Amino acid sequence: MKLVARMFGTLAVVAALASPLWADDTAKKDDSSSSRSASRVSTPPAGSDSSPTQTTANTTPRASTAPRATYDDVLFPKVELFLGYSYIRGVPEDVGNRIISLHGGDANVAINFNRHWGLVGDFSGYHASELQFNGPGTSRVVDANGDFFMYMGGPRYSFRHERWTPFLHALFGVANAKIVTVVACTGSPVCTPLPSETVFAMALGGGLDVKVRRHFALRLVQAEYLMTRFRDPSTIAGERSARNNIRLSTGVVFRFGGNPPPPPPNRPPVTTCSVDKSTVTSGAGDVVIVRAQASDPDSDPLNYTWTATGGTVDGTGAEVRWNSTGLNAGNYTVKAHVDDGRGGAADCSADVTVAAPANRAPVMTCAVERSPIQPGERTRITATATDADNDPLTYSWRTSAGKLTGTGATTEFDSTGLAAGSYTITGRVEDGRGGAADCSAAVEVQAPPAPPQASKTNECNYRASSSRADNVCKRVLDDVALRLKNEPKSSVLLIGYADPAEKRSAKLAQDRADMVKKYLTDKGVDASRVATRAAGGEKGAGKTNQRIDIVWVPEGATY
């Protein structure tokens, strides 16, 4: 009785410690290993004569935020039937325990008086397929047949939650072990080493059920300390004493009776309205997006109905378009009515202001007809202006210097008497309603360019009394011919020189110029673009006088 009292005390402590964990609706899986069912028989010492023993639019809102059922809301079944697999293991494995390991099945029926307390009737059966003989220094296992049954009953306490149901129970009854016979053995008392026994049995423990449906659950584990009082087969007297074992079971639970909880009362939806813009302009035909952000605690489908104090509402559902076309300036309200089809409803509204259109200023740009110009020349400045409100426009002009002629969108700038420099002409346009715009343009007045000047670009040198051009001179003349082709409005002047000491120096100077002209005309240069001239050499200059100068004459220049 002291052992029983200690076990009940231990179970009470375990229940108190485990209750907060069970309330979290979590459970750990229990793994159990299996082995072949077996019974044990011990052989007494030699000489002993003892025998061995053993909108309206329907939409679905976000997921429901309704609270889950509380502990007190959980109803209990009237009857629970468990069917499942069961395994018994002797602990410790001493030679005095008739049981080593047994595999079988377990069935129990629980009648519940309330949510916590019930009465359990348990029936289980097991089969032994092996028998172990133990002797001094030896051990032998043989095939055998034997059955084992238990009939127990007792109270159960359940910790019921919405899905998880941990429980504790204490079962008391009898264990009946049938005769164990050795397979293929006949005609000898050793063939039935373990006789039939019926003894007291007690199981203390608990388990965990997981609800799958209202009438069906899984028993993840049922674990119990099992005590029997079989005779000790290892002693001559075969004394009875407490045999300690562990029983593990798992299976399915069928639940009967009990009414389902009444449906919760309908909870109305909640909604708020918003707009993408709260102010629009009269006459612009602006459209405003209006949204109703609604949710239903019971996840009911919602219907939306829209109204407005002015304008039109286009669309259905949680988002619509409000059209302000044709409305005068003022304040307008768009309303949404949301109902869940079960009597619950909610309303929201959003305000939109239609404002009178504000005057929009014109836009203006300026463009100059021609710049730069020379002093005394004229150029026109043209303004391009637009007005979003189509108001009539008035133009005015001013300049930093010079004179302006003309009104309207075009004026003419006169640079007479101005020095070279940059001058700014500014235009202004007004719509007569306070709106205005300016533009400006710059005109560059440049001094007239200097007239073109002729200049010597190269020369050819000659031997004394010779007018024939050498190869160096011909290369120079080839360059002159190419440039004349590239600049068709330019010309070239060839000035021949001769030293006064040379025979007939004046004629020699002209011959030198004429021979070069002939060379250029032979290269395709028009003769009218090549002029020649003879010049007297400087006395005492020597070879410096034996040359021709090539003078480049641009268009408009003289030499």
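Higher on the page you've got the structure.
First, a word on scope: everything that follows refers to the structure included in this document. Position numbers for residues start from 1 in each chain and track the written sequence from start to end. Under the rules for a predicted model, residues below a pLDDT of 70 receive no local features and side-chain atom pairs below 80 are neither given nor counted, while totals for whole chains, interfaces and linings still include all residues. Excluding hydrogens and water, the side-chain figures rest on all heavy atoms present in the structure.

### Concerning the state of the cysteines
So, step 1. When the sulfur atoms of two cysteines come within 2.5 Å, that pair is taken as a disulfide. Inspection of the entire model under this criterion finds four disulfides.
So, step 2. Between the sulfur atoms of Cys 366 and its disulfide mate Cys 439 the distance is 1.6 Å. Of this pair, Cys 366 sits in strand S20 (residues 363–368) while Cys 439 is found in strand S26 (residues 436–445), placing the two residues 73 residues apart along the sequence.
So, step 3. Taking relative accessible area as the criterion, Cys 439 reaches 8% and is therefore assigned buried.
So, step 4. A disulfide bridge connects Cys 460 with Cys 473, and the sulfur atoms are separated by 2.0 Å. Of note, the bridge from Cys 460 to Cys 473 carries an S-S torsion of about 90° and is right-handed in sense. One end of the pair, Cys 460, is in strand S27 (residues 455–461); the other, Cys 473, is in helix H2 (residues 471–486), with 13 residues separating them in the sequence. Take Cys 460 and Cys 473: they sit in the same class, and that class is buried.
So, step 5. Each bonded cysteine of the chain is numbered by sequence order, and under that numbering the disulfide pairs are 1-2, 3-4, 5-6, 7-8. Helix and strand assignments come from DSSP, with helices taken as H or I runs of at least 4 residues and strands as E runs of at least 2, each series counted from the N terminus. The rule is simple: take the accessible area with a 1.4 Å probe, protein chains only, and divide by the maximum for that residue type; under 20% is buried, over 50% is exposed, in between is partly exposed.

### A few points about the environment of Ala 144
So, step 1. Structurally, the position occupied by Ala 144 is in strand S6 (residues 138–158).
So, step 2. Since its relative accessible area comes to 2%, Ala 144 is described here as buried.
So, step 3. Between the C-alpha atoms of Ala 144 and Thr 192, which are 48 residues apart in sequence, the distance is 9.3 Å.
So, step 4. Pairs of residues are marked as contacts when any of their non-hydrogen atoms sit within 4.5 Å. The contacts of Ala 144, once residues within four sequence positions are left out, are Ala 128, Ser 129, Glu 130, Leu 131, Val 180, Thr 181, Val 182 and Val 183.

### What about the packing of aromatic side chains?
So, step 1. Working definition: a ring pair exists when centres of Phe, Tyr or Trp rings (six-membered ring for Trp) sit within 6.5 Å. Plane angles under 30 degrees give stacked, over 60 give edge-to-face, the rest tilted. Across all of its chains, the model carries nine aromatic pairs by this definition.
So, step 2. Ring geometry for Phe 148 and Phe 230: centres 5.8 Å apart, planes at 55°, overall tilted. A residue pair is termed long-range when its members are at least 10 positions apart, and Phe 148 in strand S6 and Phe 230 in the loop between strand S10 (216–228) and strand S11 (243–256) qualify at 82 residues. The same class applies to Phe 148 and to Phe 230, which are both buried.
So, step 3. Plain terms: the ring middles of Trp 322 and Tyr 332 are 6.1 Å apart, the flat faces sit at 40° to each other, and that makes the pair tilted. With Trp 322 in strand S17 (residues 319–323) and Tyr 332 in strand S18 (residues 330–339), the pair connects residues that are 10 residues apart, well separated along the chain.
So, step 4. Put simply, the rings of Trp 117, Tyr 157 and Phe 159 pair up and form one aromatic cluster.

### Observations concerning the pattern of salt bridges
So, step 1. Whenever a carboxyl oxygen of Asp or Glu lies within 4 Å of a side-chain nitrogen of Lys or Arg, that contact is scored as a salt bridge. Counted by the stated rule, this structure contains 28 salt bridges.
So, step 2. Among the salt bridges present, the one from Lys 456 reaches Asp 549, with a minimum N-O distance of 2.9 Å. With Lys 456 in strand S27 and Asp 549 in strand S30 (residues 547–553), the pair connects residues that are 93 residues apart, well separated along the chain.
So, step 3. Since its relative accessible area comes to 6%, Asp 549 is described here as buried.
So, step 4. When salt bridges that share partners are traced, they join Asp 106, Asp 122, Glu 224 and Arg 247 into one network.

### So, the pairing of strand S14 (residues 287–295)
So, step 1. For two strands to pair, DSSP has to find at least two bridges joining them. In this sheet, S14 lies alongside strand S12 (residues 270–275) in antiparallel orientation, the contact comprising six bridges. Across the sheet, Val 270 pairs through a bridge with Ser 295, a residue of S14.
So, step 2. Sheet analysis places S14 next to S17, joined by five bridges and oriented antiparallel. Its bridge partner being in S17, Val 287 is matched across the sheet by Asn 323.

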